[in-house]
Amino acid sequence: MNQLTPLPSPALALPAMIAAADERAQLRFLEFFAVTIRNPHTRRAYARAAGGFLAWCEARGVASLAQVRPLHVAAWIEALGREVAAPSVKQQLASVKHLFDWLVTGQVVPVNPAASVRGPAHSVRRGKTPVLAPDEARRLLDTIDVTTDAGLRDRALIGLMVYSFARIGAALAMRVEDVFMQNRRLWVRLHEKGGKRHEMPCHHNLEDYLTAYIDGCELRDDRKGPLFRTIARGTKRLSDTPLPQANAFAMVRRRAAAAGIGTAIGNHSFRATGITTYLKNGGTLETAATMANHSSTRTTQLYDRRPDDVTLDEVERVLI
């Protein structure tokens with residue numbers, strides 16, 4: 001295996017069962033992650049699931065891939081269901097199924113032992129992402145001190161997610177050139193999952209936030225540089241390093257606490273908040289799906305939290 005190129009991620013270290021296999025099986029295993037999966041987050045998730053399953057099998061005396069049976073997969077799913085939620089179980093089972101499909105087509109194993117195994121039943125009609133009321137979102141944005149680089153950045157990032165329904169991953173992947181003028185209006189270009197490019201005109205508030213940020217932090221000439229960046233130590237000025245997602249999450253929690261917001265929001269809350277507010281003000285589900293770059297309105301419905309208001313009104317009828 002010394003001729004193989006370095007792995008794309010440390011998460012792809014070979015499980016013991018794969019390390020003990022022949023070189024063809026090892027190469028096919030690595031190719032599944034390096035060749036078939038482009039998204040680094042998906043690659044890490046699939047690698048964790050595959051490694052966890054193979055380690056579980058090894059602990060129960062399964063010595064090779066050829067010895068893995070549907071009964072092993074079913075028992076693993078049963079055990080997993082006692083530790084994690086149904087969506088996580090289904091995702092991990094899908095990872096193992098896809099891996100063995102790849103091994104079958106590469107003639108490493110004769111059949112896919114996970115193919116016939118069913119995951120737990122799970123149906124989602126309402127999303128779990130915490131959302132903000134419009135006045136809370138407004139208060140959060142207004143309480144940010146924009147006399148600093150960090151304040152200008154944070155207001156622009158939160159505003160982008162609220163007004164354009166941007167995913168945090170797409171927002172943090174933006175470059176300065178992804179904010180551009182078109183038809184006398186500022187637009188944003190988002191690079192979404194699956195390599196999709198999504199462009200949207202800016203709400204007038206978002207236009208103000210982005211312009212103030214780019215000009216105030218002197219980013220306009222660095223067109224190829226990351227749009228959202230970390231703050232350099234000791235300078236309180238922007239660095240050249242892209243802002244990591246974990247840092248953005250910590251920032252959101254910190255800004256929410258400073259604004260006196262008790263809801264345990266995260267990065268995704270602003271996407272849900274923007275979509276719900278848009279629909280409350282007469283927007284259509286179909287247009288919301290287009291703005292959010294959803295391929296189906298069924299996905300958009302998970303972000304529609306208008307029924308929460310109806311539920312609260314009905315609860316208050318219990319006049320005791």
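Our subject is the structure listed above.
Thresholds applied
Residues numbered from 1 in each chain as written. Predicted model: local features only at pLDDT ≥ 70, side-chain atom pairs only at ≥ 80, totals over all residues. Heavy atoms only, no water. Core = buried A, V, L, I, M, F, W, Y, C linked by side-chain atoms within 4.5 Å. Buried < 20%, exposed > 50% of the residue type's maximum accessible area, 1.4 Å probe, protein only. Helix = DSSP H or I, 4+ residues; strand = E, 2+ residues; numbered from the N terminus. Contact = heavy atoms within 4.5 Å. Phe/Tyr/Trp six-rings, centres within 6.5 Å; stacked < 30°, edge-to-face > 60°. Lys NZ or Arg CZ within 6 Å of the ring centre and 35° of its normal. Expected span 1.5 Å × (residues − 1). Arc of directions from axis to C-beta. Axes fitted to C-alpha atoms, helices over the stretch in contact; angles between N-to-C directions. Parallel < 35°, antiparallel > 145°, perpendicular 65-115°, else oblique. Left-handed = near helix turned anticlockwise from the far one by under 90°. Nonpolar A, V, L, I, M, F, W, Y, C, P; charged D, E, K, R; others polar. Pairing = 2+ DSSP bridges. Salt bridge = Lys/Arg side-chain N within 4 Å of Asp/Glu carboxyl O.

Asks: Can you walk me through the nonpolar core in this structure?
Replies: Leu157, Tyr213, Phe228 and Phe270 are the most contacted members of the largest nonpolar core, which has 52 residues in total. Put simply, the parts of the chain that give this core at least two residues each are α6 (134–142), α7 (149–164), α8 (168–172), β2 (185–191), α9 (204–216), α10 (245–258), α11 (269–280) and α12 (285–292). For this core, the element with the highest residue contribution is α7, accounting for 8 residues. Discounting residues that sit within four places of it in the chain, Leu157 has contacts with Ile168, Ala171, Leu172, Phe228, Leu243, Ala248 and Met251. Ala47, Ala50, Phe53 and Leu65 belong to the second largest nonpolar core, which has 31 residues in total.

Asks: Would you mind going over the packing of aromatic side chains with me for this structure?
Replies: Aromatic ring pairs are described here by two measures, namely the spacing of the ring centres and the angle between the planes. Counting across every chain of the model gives 8 aromatic pairs. Relative to Tyr209, the ring of Tyr163 lies with its centre 6.5 Å away and its plane at 50°, an arrangement referred to as tilted. Here the residue Tyr163 occupies a position in helix α7, and Tyr209 occupies one in helix α9, the gap between them amounting to 46 residues. Take Tyr163: its relative accessible area is 18%, and that puts it in the buried class. The ring of Trp102 is capped by Arg28, whose NZ or CZ atom sits 3.5 Å from the centre of that ring.

Asks: How should helix α5 (residues 86–105) be read in this particular structure?
Replies: An α-helical segment advances 3.6 residues per turn. Residues three or four places apart therefore align on the same side. For α5, spanning 20 residues, the distance from its first C-alpha to its last is 29 Å, which sits close to the expected 28 Å at 1.5 Å a residue. Residues of α5 that are buried: Val89, Gln92, Leu93, Ser95, Val96, Leu99, Phe100 and Leu103. For α5, the buried positions fall inside an angular range of 150° around the axis, keeping them on one side. Phi turns positive, to about 60°, at Gln107, one or two residues after α5.

Asks: When you look at the packing of α6 against α7 in this model, what are you seeing that I'm missing?
Replies: In a packed pair of helices, the relevant descriptors are the angle between the two axes and the axis-to-axis distance. As a packed pair, α6 and α7 sit with axes 10 Å apart at the nearest point and diverge in direction by 160°. Judged by the inter-axis angle, α6 sits roughly antiparallel to α7. With respect to the hand of their crossing, α6 and α7 are arranged in left-handed fashion. In contact with Arg138, Leu140 and Leu141 of α6, α7 contributes Arg155, Ile158, Gly159 and Tyr163. When the residues that make up the contact of α6 with α7 are grouped by side-chain class, the tally is 4 nonpolar, 1 polar and 2 charged.

Asks: For this particular structure, what's the right way to read the pairing of strand β5 (residues 238–242)?
Replies: Residues in a regular strand project their side chains so that they alternate between the two faces of the sheet. Pairing of strand β4 (residues 229–231) with β5 involves 2 bridges; the strand directions are antiparallel. Bridge pairing links Ile231 to Leu238 in β5. The hairpin turn running from β4 into β5, its antiparallel successor, is 6 residues long, and Gly234 in that turn takes a positive phi close to 80°.

Asks: What is the right way to read the side chain of Arg255 from this model?
Replies: Along the chain, Arg255 falls in helix α10. Ignoring any residue separated from it by four or fewer positions in sequence, one finds Arg255 in contact with Leu140, Ile144, Asp145, Ala150, Gly151 and Asp154.

Asks: In this structure, what is going on with the pattern of salt bridges? I would like to understand it.
Replies: Taken as a whole and assessed by the stated rule, the structure comprises 13 salt bridges. One salt bridge in this structure joins Arg237 and Asp149, with 2.7 Å as the shortest N-O distance. With Arg237 in the loop between β4 and β5 and Asp149 in helix α7, the pair connects residues that are 88 residues apart, well separated along the chain. Among the residues examined, Arg237 registers a relative accessible area of 40% and is labelled partly exposed. Relative accessible area serves as the criterion here: at 8%, Asp149 is assigned to the buried category.

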